[in-house]
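Commentary on secondary and tertiary structure
Okay, here's what each chain looks like letter by letter:
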Amino acid sequence: MSLDSLLFQAVNGLASASGLFLVAAGLSVIFGVTRIVNMAHGSFYMLGLYIAVTLAPLLGEHLGGAAGFWGGIAGATLAVALLGAAVERVLLRRLYNAPELYQLLATFALLLIINDAALFLWGPEDILGPRAPGLSGSVELLGRRLPQYDVFLALIGPVVLVGLHLLLTRTRFGRLIRAATQDREMVAALGINEALLFTAVFALGAGIAGFGGALQMAREPASLSLDLSVLGEAFVVVVVGGMGSIKGAYLAAVLVAEVKALCTALGVIEIAGYTFNMSWLTLVAEFLVMAVVLVLRPHGLFGRALAATKAGEAEPPLLPLDRRGRALVLAAILLFAAMPLIGMFFRYAPVLALDMVIAALFAASLHFVMGPGGMASFGHAAYFGLGAYGTAFAATQLGLSTPLAFATGIGTAAAGAALFGWFCVRLEGVYFTMLTLAFAQIVWSIVYQWEDVTGGSNGLFGVWPDWPFDSRAGLYLAALAVALGGLALLRRIVFAPFGLALRAGRDSRLRAEASGIPVARVRWLSFALAGTLCGAAGGLFAFAKGSISPEAISVGRSIDGLVMVLLGGVQSLMGPLLGAGAFTLLQDTVMRETDYWRALLGLVILVLVLLFPFGIAGGLRRVARLRRAGGAR
Amino acid sequence: MTASPVPTAMAPMLEIDGLDAWYGEAQILFGLSLTVGRGEAVALVGRNGAGKSTTLKAIIGLARRRARRLALRGADIAALPTHAIARLGVGYVPEDRRIFTELTVAENLDLGRRTGASDAAPRGPRWSVEEVVALFPNLGGMLDRPGGQMSGGEQQMLSVARALMGDPALLLLDEPSEGVAPIVVEQMIDALLRLKASGLSLLISEQNSALCEAICERAYLIEQGELRWQGAMDGLAAASETAGIFGKI
């Protein structure tokens, strides 16, 4: 490595940092005022890029290249800002008083819908934009040629930073944003129309993200995977910089991007005869930066502890099932155990049942951290993936027997959950959620890029169990036994003193700690346990499908889990099981039939969140209560 | 806005009848009724937790409420959002002052100012930064100081001054003397007397009898969310003694 290649990468890093900063800054401003973490923020970035690459050539035809390029960027920014305003009016307005989890899910639904809308409008292929007229050459610095556009982008970040700072300090609008960030009610009591302010803030945040995306036009193609990858990185940046701090967001963006650039610049190095490919480290650079910062400063570089987030509705206590409920559960277990026999008449039934069993274990493990634990994880797919890949790697590459391979997978998931969980449980509320999502993105990108071990984008094939699990019935019954064991364990723990401590920590961290409960440790152990059982679901999945690919462990898997839990109802132990069953049925039938299943899933989520916030179990309970009330009359 | 509230010349500044209000799920007020005349100063008296703060929050729309009548100068405000009520000329000075601590004193004052569309709305006497500083001279020397670096008394003055910047006709003051030094209470009494003299209507929730006695003509005594007594200020002492409130220890 030489000094000039380092410089080259440093400028490159600053250019990436600018894009990242624009997304994170918008996210931060919106969160500050509305207290909503906008999961669709990466989508605004992506849309900005798509609209710019579409608009620039169109405008270019009439106005000439330069006007087309810059007009395209301006038009895309404006269009995305307007879209943001519309989204706030139509959707977010209904969510301001909803529980945090529902806000996250609803904006995630928006991400899914926007992604499919982009697929519909622009097709699945990446679209390249025009190069920047007048900035397509290079500048010479210390004998090295740097792309002019990268230098330009590197400068844009600080310019926007200063611009935002001036906006926030020098204008009345900015002062309103700062005031509302601290005390929304008081702002309203001073006669300021909150609704209008929120719309404007959302449009501003969306516009900044759209601008960030549009600027990438000359650097990277518009692609449908951008929304999630940018969102994951922006979350890391926001957590590292400190939620709500624009300055922190910029510093964190530079830090993350520069560490990555440094790793790339170092390339392959030799230490004591071993060669290390440092560029591989770019995959985990974000994780390392975040880990170091969070250990030293749990609220990020410039962040402060969130003023007590809105106290949610009091959770009703979990109750053991009554006699009729137990009888129903027993009947369901017998039905599932008899599935191989039923399969003689309905050939598809055991396949569907196996999917359901795996989904039930997955959803129940997520419910354990979400419901009794009160920690909404958006990254449960990570442990599913670690379990699946651990199992698949041990079974194929190491040639271990089925039980040993399965145990390896579970162990991998347990280790991952213990490691990531240690960081996550230190954070509360949306910080926790963002960090879980960021970890899951990191696991995903490692899996995607570490070809030697994971098979890269193809994944691992030929993961078949050996005797006695090599028959359909053998594997199914073993999976059922594992899942039932896991579910029984979770249920036992929820009602054990440990489960009570976990729920106490959820309901009031301070009071629980004052009564001698080590809340952080209880949370950590429960997170690790949930990750372990989730890993078991992943291992079963690998054997059931005979293969595992990155797609199966992407953030979509995490969201599926959340939808299962919500569909069933968070406030019941049976909820996730009912939800898993219903969701699997829905997925295996309806969603297979359409290319636009993401949008469909998004709509399902929105309907759930806006209309049926208590899920199937809540609905059933209400019916039962009504019937009881009717009988008593 | 249909049925736009047209201020009536003769109606009292504030009329409340049968007001119920909630804090979360818990009902705090039960059928409260009170009136504040134009240019009148009225005290709202009661123990901690009696519902004084909730009454003021219900008027400005920060607490969920239901009322047979909730009217400002004869115009119904029961269905209006908080900001719209404020723009009709109601200034709110909350109990915990709620200064924007990140913003400077000048910026806090600026946020209280009316702009654009709200300029045309009904209002009380007009205020400028110079005028509120003349009322509270302490603020003059600290216009560039962040709100978070002020003493409790200074924050209290700023909170009143900020509400005045919106040119209110009715000022709702929630325990303006709580937790501030006696000298500041004196200044606050002076300032409020001058506001009253300028024609403002005041509704003051208080536990400090000295402040109320100096300013208010009438008082309402509430207990557990219900009205217990109402009458002229000089009858309050006897009434609250029987109720065991407001006692001079």
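Note that this is a predicted model, so its numbers are computed, not measured. (Residues numbered from 1 in each chain as written. Chains lettered and ligands numbered in written order. Predicted model: local features only at pLDDT ≥ 70, side-chain atom pairs only at ≥ 80, totals over all residues. Heavy atoms only, no water.)

A count of helices and strands for chain A gives 26 helices and four strands. A globule of 633 residues ought to have a C-alpha radius of gyration of about 26 Å, and chain A, at 25 Å, matches this closely. Here chain A, with 633 residues, has 53% of them falling under the buried criterion. Intrachain contacts of chain A at a sequence separation of at least 6 include 79% that bridge at least 24 residues. Accessible area of chain A: about 27000 Å², with a carbon and sulfur share of 66%. Distance between charge centroids for chain A: 13 Å, based on 42 positive and 34 negative side chains. (Helix = DSSP H or I, 4+ residues; strand = E, 2+ residues; numbered from the N terminus. Rg over C-alpha atoms; globule rule 2.2 N^0.38 Å. Buried < 20%, exposed > 50% of the residue type's maximum accessible area, 1.4 Å probe, protein only. Contact = heavy atoms within 4.5 Å. Areas by Shrake-Rupley, 256 points an atom, 1.4 Å probe, with all protein chains shown as cover. Lys, Arg positive; Asp, Glu negative; His and termini not counted. Charge placed at Lys NZ, Arg CZ, Asp CG, Glu CD.)

Residues and elements named next belong to chain A. Together, Val292, Val295, Leu296 and Trp422 line one region of the surface with nonpolar side chains, adding up to about 390 Å² of accessible area. No other element matches helix H11 (residues 282-296), which puts three residues into the nonpolar patch. Within the secondary structure, Leu296 sits in helix H11. (Patch = residues over 30% accessible without salt bridge, like charges linked within 9 Å, V, L, I, M, F, W, Y side chains within 5 Å. Salt bridge = Lys/Arg side-chain N within 4 Å of Asp/Glu carboxyl O.)

To continue, consider the interface of chain A and chain B. The partner chain B presents 21 residues to the 19 residues of chain A that form the contact. Summed over both sides, the interface of chain A with chain B buries roughly 1900 Å², with 54% coming from carbon and sulfur. Of all residues in chain A, A:Arg172, A:Met186 and A:Leu190 give up the largest surface area on contact with chain B, accounting jointly for 31% of the area buried on that side. Between chain A and chain B we count five salt bridges in total. (Buried area = accessible area lost by both parts, 1.4 Å probe.)

Here the focus is the packing of aromatic side chains. In total, this model carries 19 aromatic pairs over all chains according to the counting rule given. A ring pair is formed by A:Phe21 and A:Tyr250, whose centres lie 5.2 Å apart and whose planes are at 85 degrees; its orientation type is edge-to-face. With A:Phe21 in helix H1 (residues 3-34) and A:Tyr250 in helix H10 (residues 246-266), this residue pair connects regions lying 229 residues apart in the sequence. This pair shows no difference in class: A:Phe21 is buried, exactly as A:Tyr250 is. An angle of 40 degrees between the planes, with centres 6.1 Å apart, marks the rings of A:Phe423 and A:Phe439 as tilted. Note that A:Phe423 is positioned in helix H16 (residues 402-424) and A:Phe439 in helix H17 (residues 429-449), a separation of 16 residues in sequence. Each member of the pair, A:Phe423 together with A:Phe439, is buried. Counting every residue linked through ring pairs, the aromatic cluster contains A:Tyr383, A:Phe420, A:Trp422, A:Phe423, A:Phe432, A:Phe439 and A:Phe527. The side chain of A:Arg426 reaches across the aromatic face of A:Trp422, ending 4.4 Å from its centre. The ring of B:Trp22 is capped by B:Arg64, whose NZ or CZ atom sits 4.9 Å from the centre of that ring. (Phe/Tyr/Trp six-rings, centres within 6.5 Å; stacked < 30°, edge-to-face > 60°. Lys NZ or Arg CZ within 6 Å of the ring centre and 35° of its normal.)

Below, the discussion takes up the confidence of the model for chain B. Predicted coordinates in regions of low pLDDT should not be interpreted in detail. Residues and elements named next belong to chain B. Looking at chain B as a whole, its pLDDT mean stands at 88, while 90% of the residues score no less than 70. Per-residue pLDDT, averaged within each element of chain B, yields its smallest value for helix H9 (residues 233-243) (78) and its largest for strand E8 (residues 170-174) (96). Prediction confidence for the complex, expressed as pTM and ipTM, is 0.83 and 0.90 respectively. (pLDDT = per-residue confidence, 0-100.)

Residue and element names in this part refer to chain B. The six strands are arranged E7-E8-E9-E3-E10-E11 in an open sheet whose pairing can be described as mixed. On the outer flanks of this sheet lie strand E7 (90-93) and strand E11 (226-232), each paired with one strand and no other. The sheet shows a mean angle of 15 degrees between the axes of neighbouring strands, direction not considered. Sheet topology note: the strand E3 (residues 41-45)/strand E9 (residues 201-206) ladder contains five bridges and is parallel. Paired with Leu44 across the two strands is Ser205, which belongs to E9. (Pairing = 2+ DSSP bridges. Axes fitted to C-alpha atoms, helices over the stretch in contact; angles between N-to-C directions.)

Residue and element names in this part refer to chain A. Interaxial distance between helix H9 (residues 226-241) and H17 falls to 9 Å at its minimum, and their mutual angle equals 130 degrees. Judged by the inter-axis angle, H9 sits oblique to H17. Seen along the crossing, H9 lies across H17 with a hand that is left-handed. Mapping the contact onto sequence places Leu228, Ser229, Leu231, Gly232, Phe235, Val236, Val238 and Val239 in H9 and Met434, Leu435, Leu437, Ala438 and Gln441 in H17. (Parallel < 35°, antiparallel > 145°, perpendicular 65-115°, else oblique. Left-handed = near helix turned anticlockwise from the far one by under 90°.)

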